[in-house]
Each structure stands twice: as C-alpha cells, then as structure tokens.
Amino acid sequence: MGEVGEAVCAGVRLVATAAGDLLARIETPLAEALVSVRRAQVLAYRPRGCAEDLLFVGSRTAFRPGRERMGGVPLCWPWFGVDPDGGPIHGFARTADWRLCDCAPQPDGAVRLRLVPEPATLAAWPYPCALLLEIRVGATLGVTLETRNEADHPWTLTQGLHTYLRVGAPDRVRLHGLDGRCYLDKARGAPVAPCRQQGPVSAGGEEVNRIYLDAPGPLWLDDPVLGRRIRVRARGSRTWVVWNPGATEIHRFADDLAPEDAHRFLCVETVNTASETLNLAPGAASRIGADYQIETL
C-alpha cells in the first residue's frame, strides 16, 4: 500500500531503512509515532508538548533478520513466554514479516498491519488464521491485536503486548492498581508459588518478573523523575506482567541493552497467559489491546 517516501494517507509516511526495515512515521495534530511495519512494533509515541517519549528502545538494539528490537511494543503471539514445543520465546509474530494494509487520516491517525504467512511461520503454527494489528495515534496511544480462527477446529493460544515504558529510574517509580492482587514471581525460579502484592510495585537492583492474575486494571505509573503519570487501560485482558532485568540480569541481553539501560525502563505488559489461556472456536476472534496516556504529575 503506497510507495516508500510518499504519504500513504494524511499524516502517515513510509520510510525504508538501510537495514531492511520499513517505518511508518505518523504525525497527527495530537501526537507523533514511529512504527516498524516489518515487525508490527510501535517504536515511539509522544503527544504534542511532551518532553519525553512514552516508550523505551534499547540503546544497542537494531533491526535484524529474524529478530525484534528490544523496546517499544513487541508482540507476543501465539504464545507468551517459553514454548513447550521448543519454539522461540514469546512466539514468532514479533520476528515475522508484516505488511501495511490500511491507514486512516487525521486527527486520530491509525495504521493497520497484517501478518504475511511464510513457510517458517506455517511450520510453527499450521492453523489457518488472520492476524491484524491496529495502532491509533491520538491523545492516547491505542494498540489492538486481533486473531481470527479460520480453521474448522478450535485451538489455544497465549499472547501479549510486551510494552517497554520509559522511566526516569525504576526504583523511583510506583506502579499502582495491583495492590492486593495475586502474582507469580518468575524471578524466583520454579516452582512458582502465588504471592500477594502489598502496596504499589517498584523495581530496584534485582530482576522483577511477575505475572499478576485476575487484575482488570487500570494501572497508573507515577514517575517523579520525569514528572509524569502514565495510565494504562487493558482491553481483552485481566493479566499483567511487570518486568525489569535489573543490574543483576541485564547482561543476558547485552546484544540489545547496555548496562545502564536497566535504569531507563519498566515493562508493563498486557497479556493473556497463565490462568487466562484462550481457547478460540472456529470462526471466532480474540482481541487484546491497551491504551496509554501521559499526564503531568
């Protein structure tokens, strides 16, 4: 749809990179955003008048064949976490090839992307389906992933939006909305016993990796360093993951993250996993999404 370098609709322009990615630059009267079309990944979003971007992208990460960037909003599909059958962690949608299929004009600009089936993806997921991602850029950032089962039998999936929120310092921020909720502490290793959150969530020098169950939200992240509050509202999900590798584990991601990057983000992820695994009937559709809004603190 459209040619590289031209405006495909009001406020949306495609730009090719030397590394082989295709970027959609979206500018509306309310905000601006940058989207990797090839990976269906929001890389940047900033409302007009905001000094800092909503999202964080690793200082060493880059577009590479078969890889996603660490940062922005990578997709997790058709499984979240480790695949019991040995597939890539968080699925293949984040590394597969996507195409721009539609865009909407200002004032609340949107792009819609679809997954292009490939031999590798069909081998990993031999179930007929349609996968669409809609990204809306206005006073809030809206991201919605839709899965439609086009097979003649049901199948199960887990999925998520692995969102990296930019923060001034993870030990200074406070994530509200999860007080009293049960969570699985993945950083402790197996076996994982349920814990209960007390007060707001924060991250220090050690890894934080928690799955919060039956928590409809909304959540809000207070950041006194950047002087802002980020509100996150989930759609089609009652499960959250909060993750930061901390200084103790960031070396595991040295290809994408510098040591100091551990102090620049907190992942607040909207997911269907654990007790919220989905069983999709033939012809049925599943939608998971989130809306992100920045306010002055």
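Above this text is the structure in question.
Residues numbered from 1 in each chain as written. Predicted model: local features only at pLDDT ≥ 70, side-chain atom pairs only at ≥ 80, totals over all residues. Heavy atoms only, no water.

The full count for this structure, using the stated rule, is one disulfide. Disulfide partner of Cys9: Cys103, at an S-S distance of 2.4 Å. In this pair, Cys9 sits in strand 1 (residues 7-9) while Cys103 sits in strand 7 (residues 98-104), placing the two residues 94 residues apart along the sequence. Cys103 gets classed as buried once you look at its relative accessible area, which sits at 10%. Here Cys76 stays unpaired: no disulfide links it, and the sulfur of Cys267, its closest cysteine neighbor, is 9.4 Å away. Look at Cys76 and you get buried, because its relative accessible area is 0%. (Disulfide = S-S within 2.5 Å. Helix = DSSP H or I, 4+ residues; strand = E, 2+ residues; numbered from the N terminus. Buried < 20%, exposed > 50% of the residue type's maximum accessible area, 1.4 Å probe, protein only.)

A word on the pattern of salt bridges. For the coordinates displayed, the defined rule picks out 20 salt bridges. For Arg67, the salt bridge identified is with Asp256, shortest N-O distance 2.7 Å. One end of the pair, Arg67, is in the loop between strand 5 (41-47) and strand 6 (75-76); the other, Asp256, is in the loop between helix 2 (246-249) and strand 21 (265-272), with 189 residues separating them in the sequence. A relative accessible area of 29% means that Arg67 is categorised as partly exposed. Under the relative-accessibility criterion, Asp256 is labelled buried at 3%. The salt bridge partner of Glu146 is Arg287, with a shortest N-O separation of 2.8 Å. Within this pair, whereas Glu146 is found in strand 10 (residues 141-149), its partner Arg287 is found in strand 23 (residues 285-296), the two being separated by 141 residues in sequence. The class of Glu146 is buried, set by a relative accessible area of 18%. Judged by its relative accessible area of 46%, Arg287 falls in the partly exposed class. (Salt bridge = Lys/Arg side-chain N within 4 Å of Asp/Glu carboxyl O.)

This paragraph deals with the pairing of strand 3 (residues 22-27). In this sheet, strand 3 lies alongside strand 2 (residues 12-16) in antiparallel orientation, the contact comprising five bridges. The residue bridging Arg13 from the neighbouring strand is Arg25, located in strand 3. The pairing of strand 3 with strand 4 (residues 31-36) spans five bridges and is classified as antiparallel. Looking across to strand 4, one finds that Arg25 is bridged to Leu34. Hairpin geometry of strand 3 and strand 4 is characterised by an intervening segment of three residues between the two adjacent antiparallel strands. (Pairing = 2+ DSSP bridges.)

Looking now at the environment of Asp214. You can see Asp214 is positioned in the loop between strand 17 (208-212) and strand 18 (219-223). Residues Asp214 and Tyr127 lie 87 residues apart in sequence; the distance between their C-alpha atoms is 29 Å. Discounting chain neighbours no more than four positions away, the residues touching Asp214 are Arg181 and Arg238. At 2.5 Å, the side chain of Asp214 and the side chain of Arg238 are in polar contact. (Contact = heavy atoms within 4.5 Å. Polar contact = N/O pair within 3.5 Å; in protein donor to acceptor, adjacent residues only side chain to side chain.)

On to the sheet that holds strand 7, then. Taking strand neighbours across the sheet as the criterion, the eight strands line up as 7-8-9-10-23-19-18-14 in an open arrangement whose pairing is antiparallel. The open sheet has two free edges, formed respectively by strand 7 and strand 14 (174-176), since each of these has just one partner strand. Geometrically, the sheet is characterised by an average inter-axis angle of 15° between neighbouring strands, direction not taken into account. Note: strand 9 (residues 129-137) against strand 10, nine bridges, orientation antiparallel. (Axes fitted to C-alpha atoms, helices over the stretch in contact; angles between N-to-C directions.)

What follows is about the packing of aromatic side chains. Taken as a whole, this structure holds 12 aromatic pairs when the rule is applied. Here Trp77 and Phe92 contribute two aromatic rings whose centre-to-centre distance is 5.8 Å and whose plane-to-plane angle is 90°, an arrangement assigned as edge-to-face. With Trp77 in the loop between strand 6 and strand 7 and Phe92 in the loop between strand 6 and strand 7, the pair connects residues that are 15 residues apart, well separated along the chain. Trp77 gets classed as buried once you look at its relative accessible area, which sits at 0%. The exposure class assigned to Phe92 is buried, which follows from its relative accessible area of 6%. Each residue in the set Trp77, Trp79, Phe92, Trp125, Tyr127 and Trp155 is aromatic and connected to the rest through ring pairs, giving one cluster. (Phe/Tyr/Trp six-rings, centres within 6.5 Å; stacked < 30°, edge-to-face > 60°.)

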